[in-house]
Amino acid sequence: MARALFLFALASMALFSLAIGQNADSFEPNNEIGDADELGVGQMVNASISPAQDYDCYKIHLDSPGVLSAQLSTIPDEMKGRIDFYGKNFNWLTRKDAENPGESVILTVDIGKAGWYYFGIGDLNGGSYKSDYSFSVSFEPIIDEEPNGEIGDAVEIKPGEIIRAYVFPAQDWDVYKIFLNSTGVLQASLADVPRSITGSMKGRIDLYGKNMNWITRSDAANPGDDVALTVDIGYPGWYYLGVGDLNSGSYNMTYSF
Ligand SMILES: [Ca+2]
Ligand SMILES: [Ca+2]
Ligand SMILES: [Ca+2]
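Residues numbered from 1 in each chain as written. Chains lettered and ligands numbered in written order. Predicted model: local features only at pLDDT ≥ 70, side-chain atom pairs only at ≥ 80, totals over all residues. Heavy atoms only, no water.

1. Thoughts on the coordination of the calcium ion (ligand 2)
Put simply, the ideal angle at a metal is 109.5 degrees for four donors in tetrahedral geometry and 90 or 180 degrees for six donors in octahedral geometry. Those donors, E28 (OE), E28 (OE), N30 (OD1), N31 (OD1), D54 (OD), Y55 (O) and D56 (OD), are the protein atoms that reach the calcium ion (ligand 2), and they lie 2.2 to 2.6 Å from it. For the calcium ion (ligand 2), all donor residues lie on one chain, and their spacing in sequence is E-x1-N-N-x22-D-Y-D. A gap of 3.5 Å separates the calcium ion (ligand 2) and the calcium ion (ligand 1), which E28 links by coordinating each metal. Residue classification places E28 among the partly exposed positions, given a relative accessible area of 27%. Look at N30 and you get buried, because its relative accessible area is 0%. (Donors = N, O, S within 2.8 Å, 3.2 Å for Na, K, Ca; no water. Buried < 20%, exposed > 50% of the residue type's maximum accessible area, 1.4 Å probe, protein only.)

2. Examining the layout of surface pockets
Put simply, the largest pocket is a space of about 340 Å³. At 6 residues, strand β13 (residues 184-190) tops the list of elements feeding residues into the lining of the largest pocket. Considered class by class, the residues forming the lining of the largest pocket number 13 nonpolar, 4 polar and 3 charged. Computed from the structure, the second largest pocket encloses a volume of approximately 180 Å³. Around the second largest pocket sit P65, G112, K113, E146, F168, P169, A170, Q171 and D172, which together line it. For the lining of the second largest pocket, a count of residues per class yields 4 nonpolar, 2 polar and 3 charged. Residue contributions to the lining of the second largest pocket reach at least three from each of two domains, namely domain 1 (29-141) and domain 2 (151-256). (1 Å grid on protein atoms, 1.4 Å probe; cavity = no way out; pocket = protein on both sides within 12 Å on 5 of 7 lines; lining within 4 Å. Points joined across faces, edges and corners; volume = space filled by probe spheres on them. Helix = DSSP H or I, 4+ residues; strand = E, 2+ residues; numbered from the N terminus. Nonpolar A, V, L, I, M, F, W, Y, C, P; charged D, E, K, R; others polar. Domains from an automatic or database assignment.)

3. What to know about the nonpolar core
A general tendency of soluble globular proteins is for nonpolar side chains to be buried together. With 28 residues, the main nonpolar core has L68 and F135 as its most contacted residues. The set of elements that each furnish at least two residues to this core consists of β2 (44-47), β3 (56-62), β4 (66-73), β5 (81-86), β7 (105-111), β8 (115-123) and β9 (133-141). The contact partners of F135, leaving out residues within four places of it in the chain, are L39, Q43, M44, V45, Y58, A70, Q71, L72, I83, F119 and I121. With 26 residues, the next largest nonpolar core counts I157, M201, Y239 and F257 among its residues. (Core = buried A, V, L, I, M, F, W, Y, C linked by side-chain atoms within 4.5 Å. Contact = heavy atoms within 4.5 Å.)

4. What about the coordination of the calcium ion (ligand 3)?
Protein-derived ligands of the calcium ion (ligand 3) are D144 (OD), E146 (OE), Y166 (O), D172 (OD), D174 (OD) and D174 (OD), with the metal-ligand distances lying across 2.1 to 2.6 Å. Considering all 6 donor atoms around the calcium ion (ligand 3), the spread of angles at the metal, 52 to 155°, places the coordination shape in the irregular class. Sequence positions of the residues that donate to the calcium ion (ligand 3) give the spacing D-x1-E-x19-Y-x5-D-x1-D. One end of the pair, D144, is in the loop between β9 and β10 (155-156); the other, D174, is in strand β12 (residues 174-180), and 30 residues separate them in sequence. On the basis of relative accessible area, D144 is assigned to the partly exposed category, the value being 21%. (Tetrahedral: all angles 85-135°; square planar, octahedral: opposite > 155°, others 65-115°.)

5. Some points on the packing of aromatic side chains
Applying the stated criterion across every chain yields a total of 9 aromatic pairs. An aromatic cluster of at least three residues, connected via ring pairs, comprises F27, Y58, F85, Y117, F119 and F135. The ring of W116 has K59 sitting right over it, with the charged end atom 5.1 Å from the ring centre. Over the face of the ring belonging to W238 we find K177, whose NZ or CZ atom lies 5.2 Å from the ring centre. (Phe/Tyr/Trp six-rings, centres within 6.5 Å; stacked < 30°, edge-to-face > 60°. Lys NZ or Arg CZ within 6 Å of the ring centre and 35° of its normal.)

6. A look at the domain arrangement of the chain
Buried accessible area, meaning the area lost when the parts come together, often serves as the stated size of an interface. You can read the domains of the chain as domain 1 (29-141) and domain 2 (151-256). On a C-alpha basis, the centres of domain 1 and domain 2 stand 38 Å from each other. On the domain 1 side of the interface with domain 2, the three residues burying the most area are D110, G112 and E140, jointly 70% of the side's total. Here domain 1 is connected to domain 2 by 0 salt bridges. For the interface between domain 1 and domain 2, the tally reads 1 residue pair in polar contact (both at pLDDT 80 or more). Looking at the side of domain 1 that touches domain 2, the elements that each hand over two or more residues are β4 and β7. When the residues that make up the side of domain 1 that touches domain 2 are grouped by side-chain class, the tally is 3 nonpolar, 2 polar and 2 charged. (Buried area = accessible area lost by both parts, 1.4 Å probe. Salt bridge = Lys/Arg side-chain N within 4 Å of Asp/Glu carboxyl O. Polar contact = N/O pair within 3.5 Å; in protein donor to acceptor, adjacent residues only side chain to side chain.)

This is the structure we're talking about:
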């Protein structure tokens, strides 16, 4: 009798582990952001949404600004995938949903600051799946002389020096300072501005005096045009030059200044 009970227990355990094995998700528990599993750039995760209402959280550390692309693929046929994206304070930033069940989801985000970022993977259909989805994150770093988005953080340049830098992410503004040791004519030019199919940079150069007082500016007539600013300098000293984009774009190509 005792032996029969033992055999029954053994058989139950075998069945139980088989059931677990079908849905094994080695990243669980990760239903909350605080339990997010760490990923590396380019690492492929295979995991599953199971049971229903399962939510899988991952985190990644990005060492610089850049363009992030998160891809959810090999989705089970009935699953309608969602990628949520959060900042370092677990603050929700944006999301991308599949248009139809079984379709891949790609979320692309311009990252302005290095640091920790978090993802949540869920199913809008509220299902439970035996097969895995795949999830991976790629990242294209954009390394620039940042931060220089305020006059007080201006990067020093020398007369004649050529700067190559990015307007990235959107609303980026780059400020430079230059010491002019005599009176004369200041010529600043913005060239090779980023041009893309979705929109080109429409450049602006602002000039400020030593008290960070705005003096004048020059704007591109059309997107993609060069910009030239020519000013008679009456007093030697520090001057500040701001470079920005009137189209509020974000570019993974440099401008020359
Ligand atoms: Ca899971
Ligand atoms: Ca989970
Ligand atoms: Ca910049």
